[in-house]
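# A closer look at the structure
Letter by letter, the chains look like this.
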Amino acid sequence: MTATTEHRKLTQAELVAEATERFGDDPLKWAFVCPSCGDIANGQDFSKALTEHPRKHRSGETVIASDIVGQECIGRTLGALTKGNGKYTGRGCDWTAYGLFGGPWEIALPNGRTMHAFPLTTTPC
């Protein structure tokens, strides 16, 4: 893998600063690595995948790239969940940062809550 999968805790501001330093000001270019399969995906990858495989939130609102990048492996959007029993052969897997095993990064949000995320990759997309 290209990034550490060790637990790390940082603030949202620290995550944004680190991502901006590595990838620039465009959040769609910030890239995260799945700790399960090692796939590297950025917001542009998720935007394209969501165009081909649109999803809705439970509320009925359309899922956009910023809702899931860094929290889900791109395989979830590309069909890993619909092709169960190990039959999925596409890019990525069905891993999430908010599933049974949270993280490995924990992000402290300004409102006092926390969320889990995949690590930023050290390899540009």
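Notes on the structure follow. (Residues numbered from 1 in each chain as written. Predicted model: local features only at pLDDT ≥ 70, side-chain atom pairs only at ≥ 80, totals over all residues. Heavy atoms only, no water.)

## Quick look at the overall build of the protein chain
- Helix and strand content of the protein chain: four helices and five strands.
- Here the protein chain has a C-alpha radius of gyration of 14 Å; the compact-globule value for 125 residues is 14 Å, and the two agree.
- Dimensions of the protein chain, computed from the C-alpha atoms along their principal axes, are close to 35 × 35 × 30 Å.
- Expressed as a percentage of the 125 residues in the protein chain, the buried residues total 38%.
- Residue pairs at least 24 apart in sequence account for 54% of intrachain contacts in the protein chain once pairs closer than 6 positions are excluded.
- When the accessible surface of the protein chain is split by element, carbon and sulfur atoms take 51% of a total near 7400 Å².
- Of the charged side chains in the protein chain, 13 are positive and 14 negative; the average position of the first set lies 8 Å away from that of the second. (Helix = DSSP H or I, 4+ residues; strand = E, 2+ residues; numbered from the N terminus. Rg over C-alpha atoms; globule rule 2.2 N^0.38 Å. Buried < 20%, exposed > 50% of the residue type's maximum accessible area, 1.4 Å probe, protein only. Contact = heavy atoms within 4.5 Å. Areas by Shrake-Rupley, 256 points an atom, 1.4 Å probe, with all protein chains shown as cover. Lys, Arg positive; Asp, Glu negative; His and termini not counted. Charge placed at Lys NZ, Arg CZ, Asp CG, Glu CD.)

## Here's the deal with the side chain of Asn42
- Along the chain, Asn42 falls in strand E3 (residues 40-42).
- The buried category is assigned to Asn42, whose relative accessible area is 5%.
- Separated by 2.9 Å, the side chain of Asn42 and the backbone nitrogen of Asp45 make a polar contact. (Polar contact = N/O pair within 3.5 Å; in protein donor to acceptor, adjacent residues only side chain to side chain.)

## Concerning the pattern of salt bridges
- Here the structure, examined in full by the defined rule, presents six salt bridges.
- Asp39 is paired through a salt bridge with Arg91; the nearest N and O atoms lie 2.9 Å apart. You can see Asp39 sitting in the loop between strand E2 (31-33) and E3 and its partner Arg91 sitting in the loop between helix H4 (74-78) and strand E4 (105-108), a full 52 residues away along the chain.
- We note a salt bridge from Asp45 to Arg91, for which the minimum N-O separation is 3.5 Å. Of this pair, Asp45 sits in helix H2 (residues 43-52) while Arg91 sits in the loop between H4 and E4, and the two are 46 residues apart along the sequence. (Salt bridge = Lys/Arg side-chain N within 4 Å of Asp/Glu carboxyl O.)

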